[in-house]
Protein chains: 4
Amino acid sequence: MKKVKVAVVGYGVIGQRLADGVILQEDMELVGVADIKPTLSVRALKERGMPHDLYLVPGADKSEFDALDIPVAGDFDDLLDKVDIVLDSTPAGVGAKNKEIYKSKGVKAVFQGGEDNTVADVFFHGYANYEKGLNKDYLKLTSCNTTGLIRAVDCLDRLYGIEKVAITIVRRVADPGDYHRGLTNALQMEKAPSHQAVDLMTIMPHVNATGILVHTPVTHGHIISVVATGKKKISKEMALDAFKQHDRIRVVRIDDGFLGNASFFRYARDLGNPRGDMYEIGIWEDSVVESGDDIMFAINIPQEAVTIPETIDAVRAAMNMQSDRLEAIAKTNGYLGLGKWK
Amino acid sequence: MKKVKVAVVGYGVIGQRLADGVILQEDMELVGVADIKPTLSVRALKERGMPHDLYLVPGADKSEFDALDIPVAGDFDDLLDKVDIVLDSTPAGVGAKNKEIYKSKGVKAVFQGGEDNTVADVFFHGYANYEKGLNKDYLKLTSCNTTGLIRAVDCLDRLYGIEKVAITIVRRVADPGDYHRGLTNALQMEKAPSHQAVDLMTIMPHVNATGILVHTPVTHGHIISVVATGKKKISKEMALDAFKQHDRIRVVRIDDGFLGNASFFRYARDLGNPRGDMYEIGIWEDSVVESGDDIMFAINIPQEAVTIPETIDAVRAAMNMQSDRLEAIAKTNGYLGLGKWK
Amino acid sequence: MKKVKVAVVGYGVIGQRLADGVILQEDMELVGVADIKPTLSVRALKERGMPHDLYLVPGADKSEFDALDIPVAGDFDDLLDKVDIVLDSTPAGVGAKNKEIYKSKGVKAVFQGGEDNTVADVFFHGYANYEKGLNKDYLKLTSCNTTGLIRAVDCLDRLYGIEKVAITIVRRVADPGDYHRGLTNALQMEKAPSHQAVDLMTIMPHVNATGILVHTPVTHGHIISVVATGKKKISKEMALDAFKQHDRIRVVRIDDGFLGNASFFRYARDLGNPRGDMYEIGIWEDSVVESGDDIMFAINIPQEAVTIPETIDAVRAAMNMQSDRLEAIAKTNGYLGLGKWK
Amino acid sequence: MKKVKVAVVGYGVIGQRLADGVILQEDMELVGVADIKPTLSVRALKERGMPHDLYLVPGADKSEFDALDIPVAGDFDDLLDKVDIVLDSTPAGVGAKNKEIYKSKGVKAVFQGGEDNTVADVFFHGYANYEKGLNKDYLKLTSCNTTGLIRAVDCLDRLYGIEKVAITIVRRVADPGDYHRGLTNALQMEKAPSHQAVDLMTIMPHVNATGILVHTPVTHGHIISVVATGKKKISKEMALDAFKQHDRIRVVRIDDGFLGNASFFRYARDLGNPRGDMYEIGIWEDSVVESGDDIMFAINIPQEAVTIPETIDAVRAAMNMQSDRLEAIAKTNGYLGLGKWK
């Protein structure tokens, strides 16, 4: 079988993880990654001995890389000539400019959540609307919060039917290592409804969604509190049964040591996961409560890695590697080792 | 008119604010405050020139106060002999022990939220169940979160009827100046349902309530996201109309500069409020959204001072200073200057 | 005696405190404050009933103030026509532009530390170089850290002689209520030497100074660790004796409850200080240690209010209200109540 | 060559990293690890497929492990019967109790910095006093801060001679995943001199040391500012030359992206280091400044992994695997890959 040839453009927090994830897919080949500056991540790539090739995007100054003895495999054209599809994880807004280049080179692309929806033919989530991505040229992933949220809501929806969700996002404001977007001793409000609720309705148009978002000064994962109204009453047991079957959801308990968002990070490091990453969202068994006929629960979203599986699903859809949703998801999960721990 | 004589026992974060609040009530007299150690707050009282008298609780060592030239007006018996009612703001658990002394001296008492409910004859909230406190000897206030939450829910309930609430509490974990109960770069979960939801049902038994609580590493106020189900649909306009009429609620907007919980603190300092305190809860106009037939909104709870007005209401009820709820509340609000800003 | 007429331009964190401080000076008159937008601080001024007049700076849109019923006493010219001297606490860079207006109106000005040194005739510190400010037209205050640092170093220098200091600044990164310049779970380095060390040498040219600065995610005061080399050995006792005599220094102890920077803020709130402010720097008795012939100690810098006394000293110098340094300082301290607590 | 058989007792933050480090030593064999509870780390070990055996310490309840299908290889006696030396990374105080068991079994042990010095025959640092550990039965490692600090001071001392150091420790207060020892929006002082300065003098008795420690609410590494007095003047170039030769020190620059303590953590994750760990301390080139004849610089201490190399050195000393200091260090560094990146 011919492997699908993939490039990752933008080798930052998300780009590095996309590269890691693609490498694990036995039916994909990571041709290379591209960036514009010799960032810490690029320096780390060099210190690791260049496990994969580095290309430069337009605007990069090759002499900056030469000065640091960082091997450069070629320019952007060189990279795009070799690949079927690009995973674009450049800063918000850059992807839209890159799209013109991808178009001119006849290369497909998957954009991350920071881009405007108009950049893509379809706003995509591997579990919720895989079929819509089939054979499309340009797909945009949901953002980290929305990706994790939809996993949980879609999980209940497919089993029991969901009519309405009201969410409260307790958002982590920065990633570990960020200095430019912190918050100190403050909870910051966003105007409601949060974009995550609006985005959920775009992906799952049969669900009424709204939500409130509060930024908090932490780095290890968002927590989303969800109040969901089912077509019929969903009991605590029903919800937990559904979540426990899902390969991208870990159901955990406070008494087992999962005291908060930082426990998932700690656990992923202890597992020896590369970069201490976790692909799965967590749902606290202790958080699931019935509110009359509604069901309420709390999700942990590991913001750095959560979108990787669904992005890989997007490659499968765009390249029509699998026409069946469940088959595609099973491939991604299998290569990423998801669900294995159960 | 004879003034009601009040003592404050436990001169910490809450106790100091209770003393401030009582002093403003023209129909009450602050006889004195009591504490066990020459804490920073007691030293500050001395540096301020002893605007009110200090008594010692059992277990205090007077020589520690003498060594610092802090005037002591008498012991616990001396204080209790002079007062009609005690506001007990000692650390959780101490109030229950003090109650035996209050009983033996024939003095009424109002306890704060940290005590067990069994300490009191009635679990009290000035707006929601004033009548239950009338002529009672021992009352316990709701905690800071519950006090603020009930203000908002009771406000809607009296106008439109509330059947159900599902709350998400984004809890501040410490007060400014605390070093003993911090949290660093973590969001910590509590087992659901949160006690605040359960307490709301105790005070408002006709409402079904549940909730999820997340601790966050900040000090300037909790934020509670509320999803409320009315007996009939409550629109955004209806909710805002109700909130704007309430003298202990400030409706604010992000565009006006109320970006988050720290803005209330900043604003209260700019107002010149003693200690930078705010008695009112805040509700963001920008947070109010309809979720189908439900109404959703976010409250800011200034944890240090929010319970002061309802505690003063409790004095009014216990001493039967006003038998009418609205009359009592109006007295408290008038003396505290609440609602004046509208 | 004719009072010196003062305006405060820029009614933010510093400007409000300058206004408060000027009001307390019985030989000065606060003619008014000026700002460009109806910020939270301006709204608070209105809610307080306009204890002093508000003027608009060039660029302000009066209709924005009218819409909120905020009384405006006049424009910038109106204000400058009435005053002898301006305390300019506008954002960094604005002061330099304003200076041209002050010049054209023949009004003196004192700028805050954010402005470039070139804006002023003299870089000023009330204790260290009062005489240099006499009769000058344009003075620039040292920044908050430098102001507090120089207080301590000048205090030792005048008594014992100081040759060299090496400082480590543990810098608070934001003020309470800031959302735009936070840091989350990170310590951020600045390139050495820190500007505070360089500034100290400008003010005290006979001292060799260098330093390292680390930003930390807190809001309640910087801590500076100082290693000072005296002309002769300065013992712990000598250092403490000196510090305890200083009216703008509080010597405190951990065992008394001053556990860290937040304790000063807590104590100032308990004291009932407006906005919970403290003018004095703190020095921990427990931090003073001898390092061979050097003396080492830690200072707490309450960043919001620490420069107010020295700024008022600057008015005294510029207007030649007192030609003697100690006489001027004593006036400022007396009106601000400094040293009274001893 | 017969491998030295090693056990790790206490499988927490440090214990896991000791196990990782021992596994990399080709002349050592990790026989197993021991713990008392099925913590998150033990659960992770199971999810990883038990790459090494788990034993139970006295007091453990095997049924708790059985309930989770966690394989247990034996009890404490079983483990101790198989090993030459134990790396004890139990909570402070437990090691002293365990020592009696080690003694009775004739097993050597290396304790971590939390234990009292009296637990050991020698207070040990691989670089500074390797020879003192030779053939000793019980060694205690310096704490994380002291270990990193001594690396830097010993590095200068061996080349140029050091007489005196005055340090300011900007201490991270918790590890990622901790909820029990946080600090929120506060800098907390410790009484001077800090124990790290005292400990440095125990290891390097010819150096006069003192210091001030400030706790800060972050999790990714301490920063220590050092003012060092050499026997002769040490210039910036001399200091940097020395540091750059050291295999456990990384000299970095702010302009390269090492903006603060979190950058090292970010970089280690990007390197793919297990758990995102870093063994090396960092020294910012931009922090090195001359203070008269003294030299001043800032160190980054990655608290979770920094003591691992020196602990492994301790095994080499205790077991007399290498009698020569440099030979021992070179072995440890080689197996850990230290210095390879240069």
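How each quantity is defined
- Residues numbered from 1 in each chain as written.
- Chains lettered and ligands numbered in written order.
- Predicted model: local features only at pLDDT ≥ 70, side-chain atom pairs only at ≥ 80, totals over all residues.
- Heavy atoms only, no water.
- Helix = DSSP H or I, 4+ residues; strand = E, 2+ residues; numbered from the N terminus.
- Rg over C-alpha atoms; globule rule 2.2 N^0.38 Å.
- Buried < 20%, exposed > 50% of the residue type's maximum accessible area, 1.4 Å probe, protein only.
- Contact = heavy atoms within 4.5 Å.
- Areas by Shrake-Rupley, 256 points an atom, 1.4 Å probe, with all protein chains shown as cover.
- Lys, Arg positive; Asp, Glu negative; His and termini not counted.
- Charge placed at Lys NZ, Arg CZ, Asp CG, Glu CD.
- Pairing = 2+ DSSP bridges.
- Buried area = accessible area lost by both parts, 1.4 Å probe.
- Nonpolar A, V, L, I, M, F, W, Y, C, P; charged D, E, K, R; others polar.
- Least-squares fit on C-alpha atoms with pLDDT ≥ 70 in both.
- Salt bridge = Lys/Arg side-chain N within 4 Å of Asp/Glu carboxyl O.
- Polar contact = N/O pair within 3.5 Å; in protein donor to acceptor, adjacent residues only side chain to side chain.
- Right-handed = clockwise from strand over helix to strand, strands pointing away.
- Arc of directions from axis to C-beta.
- Domains from an automatic or database assignment.
- pLDDT = per-residue confidence, 0-100.
- Axes fitted to C-alpha atoms, helices over the stretch in contact; angles between N-to-C directions.
- Parallel < 35°, antiparallel > 145°, perpendicular 65-115°, else oblique.
- Left-handed = near helix turned anticlockwise from the far one by under 90°.

*Asks:* Looking at this structure, I do not really get the overall build of chain A. What am I missing?
*Replies:* Within chain A, the regular secondary structure consists of 12 helices and 15 strands. The C-alpha radius of gyration computed for chain A amounts to 20 Å, which stays within 12% of the reference 20 Å derived for 342 residues, consistent with globular compactness. Along the first, second and third principal axes, the C-alpha set of chain A runs to 65 × 45 × 40 Å. Here chain A holds 342 residues, and the buried ones make up 67% of them. For chain A, the share of sequence-separated contacts (at least 6 apart) that also reach a separation of at least 24 residues comes to 71%. If you sum the accessible surface of chain A, you get close to 11000 Å²; carbon and sulfur atoms cover 49% of it. The distance from the centre of the 41 positive side-chain charges to the centre of the 48 negative ones in chain A is 1 Å.

*Asks:* Whenever I open this one, the sheet that holds strand S1 (residues 4–9) of chain B confuses me. Can you help?
*Replies:* Sheet strands pair via backbone hydrogen bonds, and the direction of the pair is either parallel or antiparallel. Residues and elements named next belong to chain B. Strand order in this open sheet of eight strands is S4-S3-S2-S1-S5-S6-S8-S7, and the pairing throughout is parallel. Unpaired on one side and paired on the other, strand S4 (74–75) and strand S7 (122–124) mark the two borders of the sheet. In the sheet, strand S3 (residues 54–56) pairs with S4 via two bridges, with the strands oriented parallel. Pairing of Tyr55 across the sheet is with Gly74, part of S4.

*Asks:* What is the right way to read helix H10 (residues 308–318) of chain C from this model?
*Replies:* Residue and element names in this part refer to chain C. Of all 11 residues making up H10, 11 are buried, and the element is well covered by its neighbours. Among the residues of H10, those classed as buried are Ile308, Pro309, Glu310, Thr311, Ile312, Asp313, Ala314, Val315, Arg316, Ala317 and Ala318. With its phi angle positive at about 50°, Asn320 sits one or two positions after the end of H10.

*Asks:* Looking at this structure, how should I read the interface of chain B and chain D?
*Replies:* Reports of interface size often rely on the accessible area that becomes lost once the parts have come together. Contacts between chain B and chain D engage 13 residues on the former and 13 residues on the latter. Buried surface at the junction of chain B and chain D, summed over both partners, amounts to about 980 Å²; 55% is from carbon and sulfur atoms. Counted by class, the side of chain B that touches chain D contains seven nonpolar, five polar and one charged residues.

*Asks:* How do you make sense of the relation of the copies chain B and chain A when you look at a structure like this?
*Replies:* In screw terms, the move from chain B to chain A is a rotation of 180° and a rise of 0.0 Å along the axis, fitting with an RMSD of 0.0 Å. Here the symmetry operator amounts to a two-fold rotation axis. A high fraction, 100%, of the interface residues of chain B reappear at the interface in chain A, so the copies pair face to face through one surface.

*Asks:* Any chance you could explain the relation of the copies chain B and chain D here in plain terms?
*Replies:* Related by rotation about an axis and a shift along that axis, the two copies of the chain form a pair. Superposition of chain B onto chain D requires a rotation of 180° combined with a translation of 0.0 Å along the rotation axis, giving an RMSD of 0.0 Å. Same-surface contact between copies: 100% of interface residues of chain B are shared with the interface of chain D.

*Asks:* How should the interface of chain B and chain A be read in this particular structure?
*Replies:* Counting residues at the interface gives 47 residues for chain B, matched by 47 residues for chain A. Both sides of the chain B and chain A interface together cover about 3600 Å² of buried area, and 65% of this is carbon and sulfur. Of all residues in chain B, Asn185(B), Leu187(B) and Met189(B) bury the most surface against chain A, accounting for 19% of the area lost on that side. Where chain B meets chain A, there are four salt bridges. In this structure, Lys164(A) and Asp294(B) form a salt bridge, with 3.0 Å as the shortest nitrogen-oxygen distance. The tally of links from chain B across to chain A stands at 18 residue pairs in polar contact (both at pLDDT 80 or more). Of all the secondary structure elements, the ones that give two or more residues to the side of chain B that touches chain A are strand S9 (162–172), strand S10 (188–189), strand S11 (208–216), strand S12 (222–230), helix H9 (261–270), strand S15 (289–291) and strand S16 (294–301) of chain B.

*Asks:* What am I meant to see in the pairing of strand S12 (residues 249–252) of chain A here?
*Replies:* Here is the key point about a regular strand: its side chains alternate between the two faces of the sheet. Residue and element names in this part refer to chain A. Burial of S12 is two-sided: the residues Ile249 and Val251 facing one way and the residues Arg250 and Val252 facing the other way are all buried. Note: S12 against strand S13 (residues 281–284), four bridges, orientation parallel. Of the residues in S13, the one forming a bridge with Ile249 is Ile281. In this view, the connection linking S12 to its parallel neighbour S13 by way of helix H10 (residues 261–270) has right-handed handedness.

*Asks:* When you look at the environment of Pro38(D) in this model, what are you seeing that I'm missing?
*Replies:* Residues and elements named next belong to chain D. Locating Pro38 in the fold gives a position in the loop between strand S2 (28–35) and helix H2 (40–47). C-alpha of Pro38 to C-alpha of Ala67: the two residues are 29 residues apart in sequence and 10.0 Å apart in space. Those residues in contact with Pro38, other than ones at most four positions away along the chain, are Arg43, Glu64, Phe65, Leu68 and Ile70.

*Asks:* What am I meant to see in the environment of Ala166(D) here?
*Replies:* Relative to the elements of secondary structure, Ala166(D) occurs in strand S8 (residues 162–172). Aside from chain neighbours lying at most four places away, what touches Ala166(D) is Val227(C), Ser291(C), Met296(C), Thr210(D), Ser225(D), Val226(D) and Val227(D).

*Asks:* I tried to follow helix H9 (residues 236–245) of chain A on my own but got confused; where do I start?
*Replies:* Quick reminder: α-helices carry 3.6 residues per turn. Residues three or four places apart thus point the same way. Residue and element names in this part refer to chain A. Inspection of H9 places Ala239, Leu240, Ala242 and Phe243 among the buried residues, and these make up the whole buried set. Taken around the axis of H9, the buried residues stretch over an arc of 160°, which confines them to a single face. Opposite the packed face of H9, turned more than 90 degrees from it, sit the exposed residues Glu237 and Gln245.

*Asks:* What am I meant to see in the domain arrangement of chain A here?
*Replies:* Residues and elements named next belong to chain A. Per the domain assignment, the segments of chain A are domain 1 (4–142 + 307–336) and domain 2 (144–301). A separation of 26 Å is found between the C-alpha centroids of domain 1 and domain 2. Taken residue by residue, the interface counts 26 residues in domain 1 and 19 residues in domain 2. Summed over both partners, the interface of domain 1 with domain 2 comes to about 1900 Å²; 53% of that surface belongs to carbon and sulfur atoms. For domain 1, the biggest contributors to the area lost against domain 2 are Phe123, Tyr127 and Thr142; these three give 27% of the whole. As a salt-bridge pair, Arg248 and Asp313 come within 2.7 Å of each other at their nearest N and O atoms. Between the two partners, domain 1 and domain 2, sit 11 residue pairs in polar contact (both at pLDDT 80 or more). Secondary-structure elements contributing two or more residues to the side of domain 1 that touches domain 2 are helix H1 (13–24), strand S6 (122–124), helix H11 (308–318) and helix H12 (325–336). Residue classes in the side of domain 1 that touches domain 2 are distributed as 12 nonpolar, eight polar and six charged.

*Asks:* Quick question: what am I supposed to make of the confidence of the model for chain A here?
*Replies:* Parts of the prediction with low pLDDT should not have their coordinates interpreted in detail. Chain-level pLDDT for chain A is 97 on average; 100% of the residues reach the 70-or-more range. Across the interfaces of the predicted complex, the ipTM metric reaches 0.96, alongside a pTM of 0.97.

*Asks:* Whenever I open this one, the sheet that holds strand S6 (residues 122–124) of chain D confuses me. Can you help?
*Replies:* Residues and elements named next belong to chain D. One open sheet holds the seven strands; their spatial order is S3-S2-S1-S4-S5-S7-S6, and the pairing between them is parallel. Only two strands of the sheet have a single neighbouring strand rather than two, namely strand S3 (54–56) and S6. This sheet shows a mean twist of 30° between the axes of neighbouring strands, independent of strand direction. Looking at chain direction, strand S1 (residues 4–9) and strand S4 (residues 85–88) are connected through four bridges and run parallel. When the sheet's bridge partners are listed, Val8 is paired in S4 with Leu87. Helix H1 (residues 13–24) contacts S1, S2 and S4 of the sheet and is inclined by roughly 165° relative to S2.

*Asks:* I tried to follow the packing of helix H6 (residues 144–160) of chain C against helix H8 (residues 236–245) of chain C on my own but got confused; where do I start?
*Replies:* Packed helices, taken two at a time, are described by their axes: the angle between them and the distance between them. All names here are of chain C. With their axes 9 Å apart at the nearest point, H6 and H8 run at an angle of 115° to one another. The orientation of H6 with respect to H8, classified from their angle, is roughly perpendicular. Here H6 and H8 pass one another in a crossing that is right-handed. Taken together, the residues of H8 that come into contact with H6 (itself represented by Ala152, Cys155, Leu156, Leu159 and Tyr160) are Met238, Ala239, Asp241, Ala242 and Phe243. Classifying every residue of the contact of H6 with H8 by side-chain character gives nine nonpolar, no polar and one charged.

*Asks:* Would you take a moment to explain the packing of H10(A) against H2(D) for this structure?
*Replies:* Look at H10(A) against H2(D): their axes get within 9 Å of each other, and the N-to-C directions meet at 45°. The angle between H10(A) and H2(D) falls in the class oblique. For the crossing formed where H10(A) meets H2(D), the hand is right-handed. Here Ser263(A), Arg266(A), Tyr267(A) and Asp270(A) of H10(A) lie close against H2(D), whose contacting residues are Leu40(D), Ser41(D), Arg43(D), Ala44(D) and Glu47(D).

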